[in-house]
Amino acid sequence: MPNHAAEGVEMTSTASQARVQARHLPALARFARTYGLQIGIICVLLAIWGLFTIGAPKTFLSSEIYAAYMSTIPFFAVMALPLTMVVIAGEMDLSFPSIMAMGMLVFVRVFETTGSVLLSFILCLAAGFAIGLLNGVIVVRTGIPSLVATIGTQFFWRGAVLVITGGRPASLVPIKGTLLYNALVGRWGGYVPAQMIWTVVVAILVWVLLNRHQFGAHVYLVGDNEDSARLMGVNADRTKIMVFAVVGLAAAFAGVLASLEVNYFWVTLGEGYMLRTLAAVFLGGTSVFGGTGTVLGTFVGCFIIGAIEAGIVAVGLTGFWTQLLYGLIIILSVSMHAMVRRKLE
Amino acid sequence: MDYMLEMRNISKRFGEVQALRDVNFVVAPQEVVGLVGDNGAGKSTLIKIVTGYYQQDSGEVYFKGQKLEDLSVAKARQLGIETVYQERALADQQTLWRNIFMGRELTTRNGFLDVRKMKRETEKLMVGSMGFTSAAVAPDSVVRTFSGGEKQGVAIVRALYFDAELIILDEPTMGLSLSETRKLLDFVGGIKEAGKSCIFIDHNVFHVYSVADRVVVLDRGMVAGEFLTKDIALDQLMDKMYRVAQTGHLD
């Protein structure tokens, strides 16, 4: 027995020595562990940009293409950023494209009745927030996996828009030139699309919320280990409900941006955004298993996804190549994330 | 007599399973109470009621003479009840400082995190209480890279940091090396000296006997008996526990 005991102690001490060695250069290793994925995704962006610039220098060395990017990428980036929080919390939301449309329907109807742009905008955001809140409540109260629950609400709200409108779109031309229009989708300094500024604002807000606020701390904890979080007194249910609500709010906002940009409300608003928004989140290194993910990663991911479509045409390929390259880049990047993550453990 | 903790006629049922039946359980100030019993005896359920994780179906809980209603984990921790769980209750992919302050983050106004203060406190705890001397461990280290003993150290230091008056240790020696176990048992003695109370749950009767003032034996959701460790020899206690597990009776 005493021999055995001595052996046991010996074994743990060599094991801990080995661990200390494995943690050699701790500061560097820690830096790599903390920022490795973010550096990786920035490299991917630079590589793609480099290839496009070589393939179509005229296009990619002039400013117009960047103005175009800054006008279109925000429509899904303002959703991808808060959606990152949902994924970090270990959940999924597929209903945001429909929330865009439902929120915008509220906007249109309130504007038709009251003529107030501001009131329309506020109620539109409130509707998005409420629908998101409902998503959260359904997920938390019923225990249905959020992937399934939000497939349901995605159909429901799209259906509601179609039923209420009878499929008829609405013109937003009267809103053109208003203060809200200029603030949301005008061109600042004659060049920078306002929606790009708003995307940066949303990115900063989400970053602060995730990294410097108790709410964000709980988002990470709940996604990492929900049982632990509950045992230590984190209100996991409230945290989850709130991340869904924030995505709902953001989706309504994105719906306003996308509709005002074209001065038209289409009942199909949001269709086509689902996959690229999700792709941007996962490209950015947010783990589908929850607990990890960064705002910077998603931000860069949005630009990769957004750059590909125009880039492909610019370098002389047909638009048919778009999806193939989307797929390739997503598979490569997500594999890279998985491998980097395993290396860092 | 004023108890630190008093539980009266606690019953709890999970579906078909009656986990606890009319359990009476007290902890005096500065007392270490060992809670023993076979798997499924209801030990974890009982303490998870104290910590606010479960709500009892019937019965009352008093903490320092005050009746606890609608207890939640957050509320229990605020009152001064901290727990080191069997499952450690850590978030593996998060940093050390985020784990230490899990659920009780230090905030400035409006819920904004006081990150600098939490890192500074973590640094202090690492040197002072956890005994982490390795240069590789920092407040920003991810907990996943820690050994079992180090993780347990994190869970214990977390319970101590908030100056709890009642510390609950649920199977704390599980997965620890011999020297780590020794350290843990010394630590339990320290809790008592600091004037705090402790509930100590362990499968290993040797461990419980060596630190507890009193041992409560749970069996199939009921209290089968309790003994002051000064009045009973270790082999007698083991004998009784064995008999309880077999027959449901102490003698």
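Residues numbered from 1 in each chain as written. Chains lettered and ligands numbered in written order. Predicted model: local features only at pLDDT ≥ 70, side-chain atom pairs only at ≥ 80, totals over all residues.

J.: Looking at this structure, how should I read the overall build of chain B?
T.: Along chain B, the regular secondary structure elements total eight helices and ten strands. Rg of the C-alpha trace for chain B: 19 Å, near the compact-globule value of 18 Å for 251 residues, within the 12% margin. Projected onto its principal axes, the C-alpha coordinates of chain B cover approximately 55 × 40 × 35 Å. Classification of the 251 residues of chain B by burial places 45% in the buried group. Residue pairs at least 24 apart in sequence account for 66% of intrachain contacts in chain B once pairs closer than 6 positions are excluded. (Helix = DSSP H or I, 4+ residues; strand = E, 2+ residues; numbered from the N terminus. Rg over C-alpha atoms; globule rule 2.2 N^0.38 Å. Buried ≥ 20, exposed ≤ 12 C-beta atoms within 10 Å, placed from the backbone. Contact = placed C-beta atoms within 7 Å.)

J.: I tried to follow the overall build of chain A on my own but got confused; where do I start?
T.: Across its full length, chain A holds 15 helices and four strands. Dimensions of chain A along its principal axes, counting C-alpha atoms only, are 85 × 55 × 35 Å. The proportion of buried residues among the 345 residues of chain A is 44%. In chain A, of all internal contacts separated by at least 6 residues, the share reaching a separation of at least 24 is 76%.

J.: Mind showing me how you'd approach the confidence of the model for chain B here?
T.: Low-pLDDT stretches of the model should not have their predicted coordinates read in fine detail. Residue and element names in this part refer to chain B. Summarising the model, chain B shows a mean pLDDT of 88, and 96% of its residues fall at 70 or more. Element-level pLDDT for chain B is lowest in helix H8 (residues 234–247), with a mean of 83, against a maximum mean of 95 in strand E1 (residues 5–14). Note on the complex model: pTM 0.89, ipTM 0.89. (pLDDT = per-residue confidence, 0-100.)

J.: How do you make sense of helix H10 (residues 214–224) of chain A when you look at a structure like this?
T.: Since one α-helical turn is 3.6 residues long, residues separated by three or four positions face the same way. Most of H10 of chain A is tucked away, with ten of its eleven residues classed as buried. Every buried residue of H10 of chain A is accounted for by Gln214, Gly216, Ala217, His218, Val219, Tyr220, Leu221, Val222, Gly223 and Asp224 of chain A. Taken together, the buried residues of H10 of chain A touch helix H4 (64–88), helix H9 (194–212), helix H11 (226–231) and helix H12 (236–262) of chain A together with helix H3 (96–100) of chain B.

J.: Any chance you could explain the packing of helix H6 (residues 117–142) of chain A against H12 of chain A here in plain terms?
T.: Helix-helix packing is described using two parameters, namely the angle between the two axes and the distance between the axes. Residues and elements named next belong to chain A. In the contact formed by H6 and H12, the axes pass within 7 Å of each other and the chain directions differ by 145°. Crossing hand, H6 versus H12: right-handed. The class makeup of the residues in the contact of H6 with H12 is 21 nonpolar, five polar and two charged. (Axes fitted to C-alpha atoms, helices over the stretch in contact; angles between N-to-C directions. Left-handed = near helix turned anticlockwise from the far one by under 90°. Nonpolar A, V, L, I, M, F, W, Y, C, P; charged D, E, K, R; others polar.)

J.: In this structure, what is going on with the packing of helix H13 (residues 274–283) of chain A against helix H14 (residues 295–314) of chain A? I would like to understand it.
T.: Residue and element names in this part refer to chain A. For the pair H13 and H14, the least separation of the axes is 7 Å and the interaxial angle reads 130°. Overall, the two elements H13 and H14 adopt an arrangement that is oblique. Between H13 and H14 the crossing geometry is right-handed. On the side of H13, the interface is formed by Arg276, Ala279, Ala280, Val281 and Leu283, while H14 contributes Thr298, Gly301, Cys302, Ile304 and Ile305. Of the residues contributing to the contact of H13 with H14, the split by class is seven nonpolar, two polar and one charged. (Parallel < 35°, antiparallel > 145°, perpendicular 65-115°, else oblique.)

J.: I tried to follow the sheet that holds strand E5 (residues 66–67) of chain B on my own but got confused; where do I start?
T.: By way of backbone hydrogen bonds, the strands of a sheet pair with one another, either parallel or antiparallel. The strand order across the open sheet formed by four strands is E2-E1-E4-E5 (chain B), and the pairing between neighbours is antiparallel. Looking at which strands have only one partner, the edges of the open sheet turn out to be strand E2 (17–27) and E5 of chain B. (Pairing = 2+ DSSP bridges.)

J.: Got a minute to help me understand the sheet that holds strand E6 (residues 81–84) of chain B in this structure?
T.: All names here are of chain B. Taken in spatial order, the six strands of this open sheet run E6-E7-E8-E3-E9-E10, and their pairing is mixed. Each edge of the open sheet carries a strand with a single partner, namely E6 and strand E10 (222–228). Between one strand axis and the next, the sheet turns by 20° as a mean value, whatever way the strands run. Pairing geometry for strand E9 (residues 214–219) and E10, over six bridges, is antiparallel. Bridge pairing links Val217 to Gly225 in E10. Packed on one face of the sheet, helix H1 (residues 43–50) meets strand E3 (32–36), E6, strand E7 (166–170), strand E8 (197–201) and E9 and runs near 150° to E7. Where helix H6 (residues 178–193) meets the sheet, its contacts fall on E3, E7 and E8, and the angle it forms with E8 comes to roughly 155°.

J.: Looking at this structure, how should I read the confidence of the model for chain A?
T.: In the predicted model, chain A carries a mean pLDDT of 89, and the fraction of residues at 70 or more is 91%. Across residues 1–24 of chain A, where pLDDT falls below 50, the model places 14 contacts with residues more than four positions away in sequence or in other chains.

J.: When you look at the nonpolar core in this model, what are you seeing that I'm missing?
T.: Most often, soluble globular proteins keep nonpolar side chains buried together rather than apart. Counting 167 residues, the largest nonpolar core has Ala254 of chain A together with Phe200 of chain B as its most contacted members. At 17 residues, the largest contribution of residues to this core is made by H12 of chain A. (Core = buried A, V, L, I, M, F, W, Y, C linked by C-beta atoms within 7 Å.)

J.: What is the right way to look at unusual backbone geometry in this model?
T.: Working note: non-glycine residues mostly have negative phi, and peptide bonds are mostly trans. Even without a glycine there, the phi angle at Asn263 of chain A is positive, about 55°. Assignment of secondary structure puts Asn263 of chain A in the loop between H12 and strand E4 (264–265). Assessed through the 14 C-beta atoms surrounding it within 10 Å, Asn263 of chain A is described here as partly exposed. The backbone phi angle of Asn9 of chain B is positive, close to 50°, even though this residue is not glycine. In this structure, Asn9 of chain B sits in strand E1.

J.: What's the story with helix H5 (residues 96–114) of chain A in this structure? I'm lost.
T.: Residue and element names in this part refer to chain A. For H5, built from 19 residues, the straight-helix expectation of 27 Å at 1.5 Å per residue is met to within 8% by its first-to-last C-alpha distance of 26 Å. Taking burial as the measure, the 19 residues of H5 include 14 buried ones, the bulk of the element. A positive phi of about 75° marks Gly115, the residue just after H5. (Expected span 1.5 Å × (residues − 1).)

J.: Help me understand the environment of Leu160 of chain B in this model?
T.: With respect to the element layout, Leu160 of chain B can be found in helix H5 (residues 148–161). For the pair formed by Leu160 of chain B and Glu82 of chain B, sequence separation is 78 residues and the distance between their alpha carbons is 7.7 Å.

J.: Just checking my understanding: could you explain the environment of Trp266 of chain A for this structure?
T.: Its location among the elements puts Trp266 of chain A in the loop between E4 and H13. Separated by 162 residues in sequence, Trp266 of chain A and Met104 of chain A place their C-alpha atoms 9.1 Å apart.

J.: Explain the pairing of E8 of chain B to me, please; I cannot follow it from the model alone.
T.: In summary, the side chains of a regular strand alternate between the two faces of the sheet. Residues and elements named next belong to chain B. A large share of E8 lies buried, amounting to five of its five residues. Residues of E8 alternate between two faces, with Ser197, Ile199 and Ile201 on one and Cys198 and Phe200 on the opposite face, all of them buried. Relative to E8, E3 runs parallel, the two being bridged by four bridges. Directly across from Val32, in E8, lies its bridge partner Cys198. The pairing of E7 with E8 spans five bridges and is classified as parallel. Its bridge partner being in E8, Asp170 is matched across the sheet by Ile201. Handedness of the β-α-β unit built from E7, H6 and E8 comes out right-handed. (Right-handed = clockwise from strand over helix to strand, strands pointing away.)

J.: In this structure, what is going on with the environment of Glu226 of chain A? I would like to understand it.
T.: Residues and elements named next belong to chain A. Tracing the backbone through its elements, the reader meets Glu226 in helix H11. As a C-alpha pair, Glu226 and Gly189 span 37 residues in sequence and 47 Å in three-dimensional space. Those residues within four positions of Glu226 in sequence are excluded, and the remaining contacts are Gly90 and Ala236.

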